[in-house]
Amino acid sequence: MFEHLLSPGHTACAGCGQSLAARLVIDAAGPNTIVVNNTGCLEVFSTTYPDSAWQVPFIHSLFENAAAVASGVEAALRQSGRIDDIRVIAQAGDGGTADIGFQALSGMWERGHDVLSVCYDNEAYMNTGVQRSGLTPLYTSTTTSPYGRVLPGNLRPKKNMVEIAVAHGIPYVATASVGFPLDLQRKVKKAISIRGPKFIHIHVPCPLGWRHEPSLTYQIARLAVETCLFPLIEYEEGVLTGVHTITAPKPVEDYLKLQGRFRHLFKPGNEGLVSEIQKIADQNRERYHLTKKVENGSH
Amino acid sequence: MKDFIEGSEAIARVVALCKPGVISAYPITPQTHIVEFLAEMVAEGKLKSQFVNVESEHSAASAVLGAVATGQRVFTASSSQGLILMSEVLFNAAGMRMPVVLVCVNRALSAPINIWNDHQDSMALRDSGVIQLYGESNQEVADLILQAYRLAEDPHILLPVMVCLDGYILSHGYEVVDIPEEDKVLGFLPDFNPPERLDPADPKSFGPLAGPEYYMEIRHDLHQALKRALALIPEVATQFAHIFGRNSGGLVEPYQLEGAEMAIVAAGSVCGTIKETIDTLRAKGKKVGLLRIITYRPFPEEEIIQNLLKVPMVAVLDRSISLGATGPIYCDIRAVFQGQKPSPKISGFIAGLGGRDITPDTIMEIFERLPGSQVSDQFIGLKDGD
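Residues numbered from 1 in each chain as written. Chains lettered and ligands numbered in written order. Predicted model: local features only at pLDDT ≥ 70, side-chain atom pairs only at ≥ 80, totals over all residues.

Asker: Whenever I open this one, the overall build of chain A confuses me. Can you help?
Answerer: Per the secondary structure count, chain A includes eleven helices and eight strands. Here the C-alpha atoms of chain A give a radius of gyration of 19 Å, agreeing with the 19 Å that 2.2 N^0.38 yields for 299 residues. Seen along its three principal axes, the alpha-carbon backbone of chain A occupies a region of about 65 × 50 × 35 Å. A burial count over chain A gives 56% of its 299 residues as buried. For chain A, contacts bridging at least 24 residues in sequence account for 67% of all contacts bridging at least 6. (Helix = DSSP H or I, 4+ residues; strand = E, 2+ residues; numbered from the N terminus. Rg over C-alpha atoms; globule rule 2.2 N^0.38 Å. Buried ≥ 20, exposed ≤ 12 C-beta atoms within 10 Å, placed from the backbone. Contact = placed C-beta atoms within 7 Å.)

Asker: Looking at this model, I keep getting lost on the interface of chain A and chain B. Mind explaining?
Answerer: Interface size is commonly expressed as the accessible area that is lost once the parts come together. Listed by partner, the interface residues are 37 residues for chain A and 36 residues for chain B. For the side of chain A that touches chain B, the secondary structure elements donating two or more residues are strand S1 (33–37), strand S2 (58–60), helix H3 (66–79) and helix H5 (102–111) of chain A. Among the elements that make up the side of chain A that touches chain B, the one with the highest residue count is H3(A) (eleven residues). Looking at the side of chain A that touches chain B residue by residue, the classes come out as 20 nonpolar, 15 polar and two charged. Looking at chain direction, S2(A) and strand S9 (residues 205–206) of chain B are connected through two bridges and run parallel. The residue of S9(B) that forms the bridge with A:Phe58 is B:Ser205. (Nonpolar A, V, L, I, M, F, W, Y, C, P; charged D, E, K, R; others polar. Pairing = 2+ DSSP bridges.)

Asker: For this particular structure, what's the right way to read the domain arrangement of chain B?
Answerer: Residues and elements named next belong to chain B. When the domains of chain B are assigned, the result is domain 1 (2–244) and domain 2 (252–379). A C-alpha centroid distance of 27 Å is found between domain 1 and domain 2. The partner domain 2 presents 20 residues to the 25 residues of domain 1 that form the contact. Of all the secondary structure elements, the ones that give two or more residues to the side of domain 1 that touches domain 2 are helix H6 (120–123), strand S6 (131–134), strand S7 (161–166) and helix H9 (215–244). No other element matches the five residues that H9 contributes to the side of domain 1 that touches domain 2. Taken together, the residues of the side of domain 1 that touches domain 2 break down into 13 nonpolar, seven polar and five charged. (Domains from an automatic or database assignment.)

Asker: Hey, could you run me through the environment of A:Glu237 in this one?
Answerer: Relative to the helices and strands, A:Glu237 is located in the loop between strand S7 (233–236) and strand S8 (239–243). Once the C-alpha coordinates of A:Glu237 and A:Ala68 are considered, the two residues, 169 residues apart in sequence, prove to be 23 Å apart.

Asker: Hey, could you run me through the pairing of strand S5 (residues 101–106) of chain B in this one?
Answerer: The side chains of a regular strand alternate, residue by residue, between the two faces of the sheet. Residue and element names in this part refer to chain B. By the criterion of burial, S5 is predominantly enclosed, with six of the six residues buried. In S5, alternate side chains face the same way, and those of Val101, Val103 and Val105 on one face and Leu102, Cys104 and Asn106 on the other are all buried. For strand S4 (residues 74–78) and S5, the ladder comprises three bridges, and the chain directions are parallel. What sits directly across from alanine 77, in S5, is valine 103. Across six bridges, S5 lies against S7 in parallel orientation. What sits directly across from asparagine 106, in S7, is aspartate 166.

Asker: What's the story with the environment of B:Val141 in this structure? I'm lost.
Answerer: Residues and elements named next belong to chain B. Turning to its location among the elements, valine 141 is positioned in helix H7 (residues 138–152). C-alpha separation for the pair valine 141 and leucine 165, spaced 24 residues apart in sequence, amounts to 6.8 Å. Setting aside its immediate chain neighbours within four residues, valine 141 contacts Gly7, Ile11, Gly135, Val163, Leu165 and Leu170.

Structural data, given as structure tokens:
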């Protein structure tokens, strides 16, 4: 019937990283899946009445409660004895995961529900017009943290959702990127084979919000990983078991220069800002052992 | 089976008889005993239900929304701040036509923080599309829960239903309550079988975005569903009386309104006090009566007009206030008589906020003031007077 479980014809922007990731996720999860979605671009462009692009059962309630709704869906499946046959995915953007949706997500993880949570991280509240979120990187220009004469853009680094997830003691936590689609799907399949709460944090470029050419989505996603700004890692039972190694990390400029949201960083005098971003990349590299040379298999 | 038990326990026992598959709640005084009784039943294996201990009321309502969408009967309960916190979800549930049944143990709203009884919490939900029923006694509240499931799950309704009871007065009060037998419950309440649900065998999408070209029709449908409930509620009450042998629920209850010169309109447990006061006054020859509101939303306009049209003076006793205006019930009743001939003189009184006691003296005072000039927001029982 349909080749994909998120079928074409929805109204996402050209080059939308989230729509690509969402299709990869649901295709990997398969038809025996119930999807619970927070408010954001994804549910807007995929379920504008009277149409829906979803070939699996789908529910959107509010902005901050996908994890709580999913907890209820999971409990209902458990009650009817179908929890072994049907998977539940609770998905959200950065706001629905790290900010407004954080409480419900933390509660769901703490209670141990058998749900895969997915974050589509495009690093700002895109659906409402590119406002900063807790996952907006340092010095990004957004509409509520614009670059101006007095301020250099967003003043805080990304909230580390991966470590927060690991701290909840959940069995599987991973990062993924639309620049690495097969890796993403492998992780989704692995996650849904594990019982209990799982979290996959997916990096998804947004051509509109990041101000880049729509045709560059894939390359930009790859550059985020290759500069060590977005490490691809896996934690199982709290232990770092998977790391995508970067043989020769690229300088952060290669990534930043392609995006209008970082254009101000290339003004003369702002070199210090770029160095701070490079430092973040270097810290990631060290923390997660991202480069080839690794001592006695410490990952 | 009759038992002398706390209101909260009666509620828990009746909820258990309805066999909800998923229960989710967050504690708040004075609702706590209800969910604690239910938790105990689950722990003892007496109730086979998923009990989801969520981290806030917003999540409690969200969890039951997800569960009911997946085809399970559900239950939640709250009060005051908790009800207001879950209100976003309740508005959403009504719009999504989710038959969530919840209990509101009526408690005042902050600020100041106050854990005692008034109706400010449930009144704040009156625009939401959630059906609101007010019980006068623990028996009626228990009966209303059974009726609530029947009503909510009716395929022509499919709306959230909230059963309200006065905090502490009813929730923590002990009464003899007749808890129905299981076989009678099965005869009255069929299994939950929603027409639409989340199921991979037949994938559907819930909760779409509806633009200006679609939203208004969908909301109109919702309004019509609430109006359909006006016809179904008395039917359900009649069916209930037939199976269980007592009158509970319905839209309104007239009490001693025949030939009444003055009537009070009120909701909830205060009606017990009002009925006693009326008995005392009637014995002295005063022609007074009560119209008890049982269903507040949908608003039973016809029944109110029918019962009060010939009463020259009507006092509405609100246990809440739409701040800056009048009591909510007063506001609705006053509007209903616009253009009616004859039309009673209708005065609005505010009493019993934050657990301030309403006594027979309070009711007497209202009857004494009613013949005077018309008032719309007269506070009764203020320490410094008003």
